[in-house]
Structures are given as structure tokens and as C-alpha cells.
Amino acid sequence: FYDAVWIASTAINLANSHIDGGTVATISGGVIKATAGTSSISNTTSFSNDGTVEVIGAGVELDLINVALSNTAAGTVEAISGGLLVLNASTINNGGSVATVSNGVIEATVGPSQIIGAHINNAGTLEAISGGALFISSTTIVNSGVLQANAATLTIDHQSSLTNTGSLAAINDGTLNIQSDVSGSGTATISSGATLELGGADAQTVTFSGAGTLQLDGFANFTGTVTGLADGDVIDLANTVVISASY
């Protein structure tokens, strides 16, 4: 469908469907739902969500391509039960909720994507993968699943907050840059040439599982434990001035 006006006040089901251009909106609790195959929403002139945009079920994919999705406080964007939501050079902004539930996956691929001013509840997987990048700003993040940079860069700015009871991971030459404070009982893993960069307070355990780099932008803020150190691993005390040394 091209250059149409889609306004969902009840439910629109997408199954191998493609909306390109035009105006897309959910109002008064309306739902846009991908339930089968691979569907996409691309190049919209306006995309507002006062209801729910969701992808449900293993093998079901919804691609947001070059769109700016404006969430209201009541808006929810979610991947459920193994569903895959792909951000392709797209932005979710202005508030609302972003969630992965029951093995749902949200991934940023092909160009830079952003999530701004939202509440993220990640109980599945939230990741940036090869070819993509994800920037998260001014957002409250609760992670009980996997939040990772996989051969790509995922950045969380200092205006955000992160509660981690799950797993943070930098893998396959990816960079996970967390400038916010990190709280909770979760862990972080570095492997395969990747970099974990920490800028805020963090008392969690960081494990090297193969060669990689732990970059501490404010080393005094890190009070956690580092395990798995081996030849080739690097701990970079960035922004640290050495005033004396002995050997």
C-alpha cells in the first residue's frame, strides 16, 4: 500500500503486508499488529502511536524502515512470543513504552536508529547488529533479558537510567557504550574483540569471554568485579591522568 492514510481505532492485522509512505496512526487504544510472515512500514510522512504497535509469534517480523514513530504516554511498541521488530534507520520518540516479552526481539540493523524519551522493559533481546547502530537517550531501561551490541554499536546516554537483572553483552567486535549509571544484580560479558564502555556508576560483574576491551571512562565509578582476564584482554582507564609510576 502506498501513500495511504491508516488510522487504527480498533485493530489492523498485517500478514506479509507493506505500507509505504503516507500517514499511519493508532488512536484511542487502536492496534497495528503483525501476526504472520514479514511486514513493513516505511517512509511515512507521519506515524503516531496512541495505542499499540506489536509483532507476535516466532517467525513473524515487522520492519520499521526510515520512519519516526511518535509515541504518546499511552503508546506501546512491543515484540512478543518470539516476534522480531526491526529498526532500520528509524526512531521511536516522545515517550510511551517499548517492550520485548516472552523471547521477543528488537534489533537495529542497516543505519542508525534511536529510542528517545521512552520506558524500555526488555525481557527478551534488545540489540544492535552488524550494519546498524542504536542510540538510546533520556530513557528508563529495565533489562531482565539480553541487551547487546553484536558487531555494531549500541549507546545509552548519561540522561538515561539502566536497571540490569539480566545480561549486558558486547560481542563480535561490537561496542556497548553505557554512559548512564547501572544498578541491579545482572552481569556483563565481553567477547570476540568487542568493547564495553562504562561511564557511570556500576557495581556489577564484568566477564571477559575471549579477547576484548573494558573501557572505564570514570574508573572510580566502577566498583564491580572483573573476571576471566587473559592475555589479549584490555582494561582501559580512560580520562585518567597518571602522576607517578613505579616498576
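The residue count restarts for each chain, going from 1 along the sequence in the order it is written. Per-residue local features are limited, in this predicted model, to residues with pLDDT of at least 70; the limit for side-chain atom pairs, both in listing and counting, is 80 or more; totals at the level of whole chains, interfaces and linings are taken over all residues. Side-chain metrics rest on all non-hydrogen atoms present in the structure, leaving aside hydrogens and water.

Draft legend 1. Inspection of the overall build of the protein at higher detail. Here a strand is any run of E in DSSP of at least two residues, a helix any run of H or I of at least four, and the numbering for each starts at the N terminus. Helices and strands together make up the secondary structure of the protein, namely 0 helices and 32 strands. Compactness check: the protein gives a C-alpha radius of gyration of 19 Å against a globular reference of 18 Å for 247 residues, within 12% of the reference. Counting only C-alpha atoms, the protein reaches 70 × 30 × 25 Å along its principal axes. Looking at the protein as a whole, 52% of its 247 residues qualify as buried. In the form shown here, the protein has an accessible surface area of approximately 10,100 Å², with 52% of it arising from carbon and sulfur atoms. Values of the radius of gyration come from C-alpha atoms, whereas the globule rule sets the reference at 2.2 Å times the count of residues to the power 0.38. Working definition: with a 1.4 Å probe on protein chains only, accessible area under 20% of the residue-type maximum means buried, over 50% means exposed, and in between means partly exposed. Accessible surface area values rest on a Shrake-Rupley calculation with a 1.4 Å probe, where residue burial reflects the displayed protein chains alone.

Draft legend 2. Local environment of the sheet that holds strand β12 (residues 84-88). By the convention used here, strands pair only if DSSP detects at least 2 bridges between them. The strand order across the open sheet built from 11 strands is β3-β6-β9-β12-β15-β18-β21-β24-β27-β29-β31, with neighbouring strands paired in parallel fashion. Since the sheet does not close on itself, it has two edges, and those belong to β3 (18-20) and β31 (226-227), each with one partner. Looking at chain direction, strand β24 (residues 167-171) and strand β27 (residues 187-190) are connected through 4 bridges and run parallel. Pairing of L168 across the sheet is with A188, part of β27.

Draft legend 3. Layout of the pairing of strand β19 (residues 132-137). Inspection of the sheet shows strand β16 (residues 111-116) paired to β19 by 6 bridges, in the parallel sense. In the sheet register, I116 faces β19, and the bridge partner there is S137.

Draft legend 4. Quick peek at the sheet that holds strand β17 (residues 119-122). Strand order in this open sheet of 9 strands is β2-β5-β8-β11-β14-β17-β20-β23-β26, and the pairing throughout is parallel. Each having just a single partner strand, β2 (11-15) and β26 (182-183) make up the two edges of the open sheet. When strand β5 (residues 31-36) meets strand β8 (residues 52-56), the two strands line up parallel, connected through 4 bridges. When the sheet's bridge partners are listed, I32 is paired in β8 with V53.

Draft legend 5. Seen up close, the environment of T45. With respect to the element layout, T45 can be found in the loop between β6 (38-42) and β7 (46-49). Taking the C-alpha atoms as reference, T45 lies 19 Å from I116; in sequence the two are 71 residues apart. What T45 contacts, discounting residues up to four positions off in sequence, is G22 and T23. Contacts between residues were defined by any pair of non-hydrogen atoms, one from each residue, lying within 4.5 Å.

Draft legend 6. Examining unusual backbone geometry more closely. The phi dihedral of N43 falls on the positive side, at around 55°, and the residue is not glycine. Judged by its relative accessible area of 37%, N43 falls in the partly exposed class. Even without glycine at this site, N66 takes up a positive phi of about 55°. Examined against the element boundaries, N66 turns out to sit in the loop between β9 (61-65) and β10 (68-71).

Draft legend 7. Focus on the pairing of β10. Side chains of β10 alternate between two faces, with L69 and N71 buried and A68 and S70 left unburied. Two strands pair when backbone bridges link them, and β7 and β10 are joined in this way by 3 bridges, in the parallel orientation. The residue of β10 that forms the bridge with S48 is S70. The sheet contact formed by β10 and strand β13 (residues 91-93) spans 3 bridges and is parallel. Paired with L69 across the strands is I92, a residue of β13.

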